[in-house]
Amino acid sequence: MPERSGPGFRRRVGPPSRRARVLLLTLGVLAVLFLLFVMFAGFWTDWLWFRSVRYTSVFTTQLWTKIGLFAVFGLLMAVIVGFNVWLAHRLRPPLSAMSVEQQSLDRYRSGLAPFKRWALLGVSLVIGLVAGAAASGQWRTWLLWTNGTPFGTKDPQFGKDISFYAFDLPFYEFLLGFAFSAVIVSLLTSVLVHYLYGGLRLQGPGRRASTGAQGHLAVLLGVFVLLKAVAYWLDRYALAVKTGSYKGVSGWTGLRYVDANAFLPAKTILFFVAVICAVLFFLTPVRRTWAPALIGLGLMVLSAVLIGGVYPAIVQQFQVKPNEQAKETPYIQKNIDATREAYGIADSEVVQYEPANGTSAEALKPDSQTISDIRLLDPNVVGPTFQQNEALRKYYAFPKSLDVDRYGDQDTVLGVRELDLNGIQRNWINDHFNYTHGYGVIAAKGNQVDANGNPVYTESALPTKGAFGDYQQRIYYGEKTTTYSIVGGGYQDIDYTAENGTPVHFSYDGDSGVGLGNPLTRAAYAVKFAEPQILYSSAIRDGAKIIYDRTPKERVEKVAPWLSIDADPYPVVENGRVVWVLDGYTTSDGYPFSSKTTLGDVTKDSLTNQRGELLTAANQVNYIRNSVKATVDAYTGEVTLYQWDENDPVLKTWMKAFPGTVKAKADIPSELAPHLRYPQDMFKVQRDLLAEYHMTDAGGFFNGTDIWQVPTDPTTNSNEVQPPYYLTVRMPDAKEASFSLTTTFAPQGRDNLAAFMSVSADPGPDYGKIRIAKIPTGSGALGPKQVQAKFNSDPLVANQLTLLKTGTDSDIEYGNLLTLPVGGGLLNVEPVYLIGRSAKVPVLKKVLATYGNENAVVAVEDNLEKALAKVLGGAAPGAPVTPTAPGTTTPPSPTNPTTPTTPTTPTTPVPGATVSPELQKAIADAVKANNDSQAAFKNGDWVAWGQAQKALNDALKAVEAAEQKAGITPAPAPAETAPATPPATPPATGAASPAPSSGP
């Protein structure tokens, strides 16, 4: 009979054909196999990567720790829950009179009966998998607990070693949380089974709970309450690391008066109450009544409210508030001492420094190196200049922010010429085979520019030539290298393009990368990078390798997952190689009484967006050490970790957990050691804390009378704080200048200068020594914002900058505003760059400077020498600069022996005239004095400069007298004279200068 269809009829669909079933089954199997292979590919490629960098122990330690925790805690959870479900089923009562409720449940019991074992196994397995996955994420907690190293310092409240809070307490809290989870899940599943099988009833005659259900649930509740007792006991110690807000410190950590005198006793009492309550629950199956246990539970809850809530509030209101300072002072002092120790600022030195308005040659003499090394080249501005001058090929690029290092006694600005794939025709072969690396490191003197305002390069060209000598210039691993490349195997990638446009080829021979000879490996990487061509491309030859994870930061983070890595790696050319240097931090959030800080917040400044990364943005810590110096070879990608802080117990713990991964400090190469420096992110964390924790007296801290803040960067339009600067500087209490990381502070809510802070950044005895020059209130010292306002409001500065921009279609950009304590006062220097609106290439055109306080003279000059001559050697601060009369010299000021002289111009004798011996000697003396003056200025020797200026003054007077005696008419002097002319060759202290004054 034909099948009927239409309205009122449903078409009968038969089962799928055998071919369709086979096809569906095949597709399902293939889908499962593909998913399994994707999981395998991730595991396999990770293993191959760690093996290629020789850190397989890191991979295996993490893997086995995670597997062990997953297996142990997953199995433990499954057994606990499964046992309780089985026990609840075993204790089910015999079914008698069927109530309506039980009749409804009987359908479910009947349907479940054939699958009870499988249901029990499935529920236990699922719950065990979830618990195991959560436990595997605690691998760091486990390794810290099993390898914990004592700090050797005890907390001031309980007398326990700091390691208890840093390593032990977190693991105990994890175990307690796991136990609570196991009991709660067991309790819920047991209640469900008891209800399903009649042990618990909501309807019908008789008892609501059977004897078996009552006993089972009472024991589980007793265990829960007993765990709560353990939690109360651990909470006592957790008070030492409890975080709240107090006195404006959002991360305030540790006990206060109410904690020590109310909460702590309350936790102890509640511990005993909970133990008694648990015993009452355990007695419930024997006494066959819930009454004692429920009464005990009610008393425990009431005690928690009264003792743990109401009583502390009463203590706070009636004991603390009436005399808060006296009550809180001991606990504030504990917080101050612990915070300063935990952040490495306990040994910071504070000296009083009242800046003078004027200075003298003698006062400037100790600061000659500081003055001569003033950095004009702002590494955060001149990146585009490096790009314009030294990229040389469109597929190379420099970062926006360059780096600063020392080579010999010269502060040097460095930029790595890295590969930029945006400058090529994009396709798979070009991206991953032809263009694989950058080329060379470009360097320029930090304190000089040429006559056009461009950097004075010490290493330049392609390939580079200069101060670094012969070194491996190819950059296969760098900050901008974010894609994978396939290299080696005889494949000739493009090394660089020669001047005539001919490509120079190169085949990578470095010991790096993962070999692609195995088809399984190629398939795994094809899945990892979602690129099927890796599987079959003929461009991949025998011996080819794939290199990836190529930025220095991600390589170090993978081999040392227990470190926080500084956001700003910097390059070093040493021993014929380019290596990236990175600073690694060990951290903890378990240092008692030490206030917590969020790393991402305190390390953010006006350059963060330009640099692009933060230090572990969300992490809250209250202990940090720069414990590791790491290097990444730019050619081979080799990662090396060196122990830097040999006393850090957190590092020692991780070294025990990952043995052999960190080399000893003594193994740091001698060529590398001079280039290691104090890290910026560490310094930012410390300066944020020192804004308040420079106050070491609890009374002063309580009153908050001397809180500082890091000033905003006045050279940008952002509201972010000013970044710290690497400078060569001599602090007022130091004998010599040293390469340092520096910053300024302003009083909270005001713009004037409160303090100048530096930390010695050079490896050596003083490395890490923090010095703070505290400015007395009312001194009139200008903060960065006030200095910038002074520059902007000065009519001469405004006029000069307006003229500079007029007709050039350019914009002005301010460089780093540097504040330096020199000569007993404060010198502020700021380079000004002219940037074309089309080319966007900064060129240094002016230097702004001021020395002193509110009434200080402002200089806007073409170079640093002229600016310094005006502010250090001009009229007394606040007095107008009077032009020197033609043909005369300005004698040294009584208050400023460095006042520059303005010589008349020695003239050439009339042809045919007889030059007397007196005139010849006077001219020779003038030339010699002028040369001595320029040499002294170049070396920053202000005493010698003043002496040479005096000698020049005397010599010029002798020339004038000899000319008059000989009847020679001197050349007319300019209408308005200038300070002593700087040397023609750019000295170490600043920009290139015009030619010297005319000679005889």
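Treat the numbers as computed from the prediction; the structure is a model and nothing was measured. (Residues numbered from 1 in each chain as written. Predicted model: local features only at pLDDT ≥ 70, side-chain atom pairs only at ≥ 80, totals over all residues. Heavy atoms only, no water.)

## What about the confidence of the model for the protein chain?
Thought 1: For the protein chain, the mean per-residue pLDDT works out to 85, and 87% of the residues sit at or above 70.
Thought 2: Note on residues 874–914: pLDDT under 50 across the span, and 88 contacts to partners over four residues away in sequence or across chains. (pLDDT = per-residue confidence, 0-100. Contact = heavy atoms within 4.5 Å.)

## Re the pattern of salt bridges
Thought 1: The full count for this structure, using the stated rule, is 22 salt bridges.
Thought 2: The closest approach of N and O atoms between Arg406 and Asp405, which form a salt bridge, is 3.0 Å.
Thought 3: With relative accessibility at 8%, the residue Arg406 sits in the buried group.
Thought 4: Among the residues examined, Asp405 registers a relative accessible area of 0% and is labelled buried.
Thought 5: Through salt bridges that share partners, Asp405, Arg406 and Asp762 make up one connected network. (Salt bridge = Lys/Arg side-chain N within 4 Å of Asp/Glu carboxyl O. Buried < 20%, exposed > 50% of the residue type's maximum accessible area, 1.4 Å probe, protein only.)

## Some points on the sheet that holds strand 13 (residues 485–488)
Thought 1: If you trace the three strands from one edge of the open sheet to the other, you get 13-17-16, paired in antiparallel fashion. The sheet is open, and its two borders are formed by strand 13 and strand 16 (514–515), each paired with just one other strand.
Thought 2: As defined by bridge partners, strand 16 adjoins strand 17 (residues 544–547) across two bridges and the pair is classed as antiparallel. Counted as the bridge partner of Val514 is Ile546 from strand 17. (Pairing = 2+ DSSP bridges. Helix = DSSP H or I, 4+ residues; strand = E, 2+ residues; numbered from the N terminus.)

## A closer look at the packing of helix 8 (residues 257–287) against helix 9 (residues 291–320)
Thought 1: It is the contact of helix 8 with helix 9, at a shortest axis distance of 8 Å, that shows an interaxial angle of 175°. Classified by the angle between their axes, helix 8 and helix 9 sit roughly antiparallel to one another.
Thought 2: Grouping the constituent residues of the contact of helix 8 with helix 9 by class yields 22 nonpolar, seven polar and one charged. (Axes fitted to C-alpha atoms, helices over the stretch in contact; angles between N-to-C directions. Parallel < 35°, antiparallel > 145°, perpendicular 65-115°, else oblique. Nonpolar A, V, L, I, M, F, W, Y, C, P; charged D, E, K, R; others polar.)

## Observations regarding helix 1 (residues 18–52)
Thought 1: Relative to the 51 Å expected for 35 residues at 1.5 Å per residue, helix 1 spans 49 Å between its end C-alpha atoms, a close match to the ideal helical length.
Thought 2: The complete set of buried residues in helix 1 reads Ala41, Thr45, Leu48, Trp49, Phe50 and Ser52.
Thought 3: On its buried side, helix 1 packs onto helix 2 (56–90), strand 16, helix 15 (519–528) and helix 17 (552–559).
Thought 4: One or two positions beyond helix 1, positive phi appears at Arg54, with a value near 65°. (Expected span 1.5 Å × (residues − 1).)

## With respect to the packing of aromatic side chains
Thought 1: Summed over all chains, the structure comprises 51 aromatic pairs.
Thought 2: For the ring pair Phe73 and Phe178, a centre distance of 5.0 Å and an interplane angle of 80° mean the geometry is edge-to-face. With Phe73 in helix 2 and Phe178 in helix 6 (residues 162–196), this pair connects stretches of sequence that are 105 residues apart.
Thought 3: You can call Phe178 buried: its relative accessible area is 10%.
Thought 4: Ring plane angle 55° and centroid distance 4.5 Å describe the contact between Tyr476 and Tyr508, whose orientation is recorded as tilted. Placement of Tyr476 in the loop between strand 12 (474–475) and strand 13 and of Tyr508 in the loop between strand 15 (503–506) and strand 16 is noted, with a sequence separation of 32 residues between them.
Thought 5: Relative accessible area serves as the criterion here: at 0%, Tyr476 is assigned to the buried category.
Thought 6: Each residue in the set Phe73, Trp142, Trp145, Phe158, Phe164, Tyr165, Phe171, Tyr172, Phe174, Phe178 and Tyr237 is aromatic and connected to the rest through ring pairs, giving one cluster.
Thought 7: One cation-aromatic arrangement involves Lys629 over Trp644; the distance from NZ or CZ to the ring centre is 5.2 Å.
Thought 8: Just above the ring of Tyr570 sits the side chain of Arg677; from NZ or CZ to the centre is 3.8 Å. (Phe/Tyr/Trp six-rings, centres within 6.5 Å; stacked < 30°, edge-to-face > 60°. Lys NZ or Arg CZ within 6 Å of the ring centre and 35° of its normal.)

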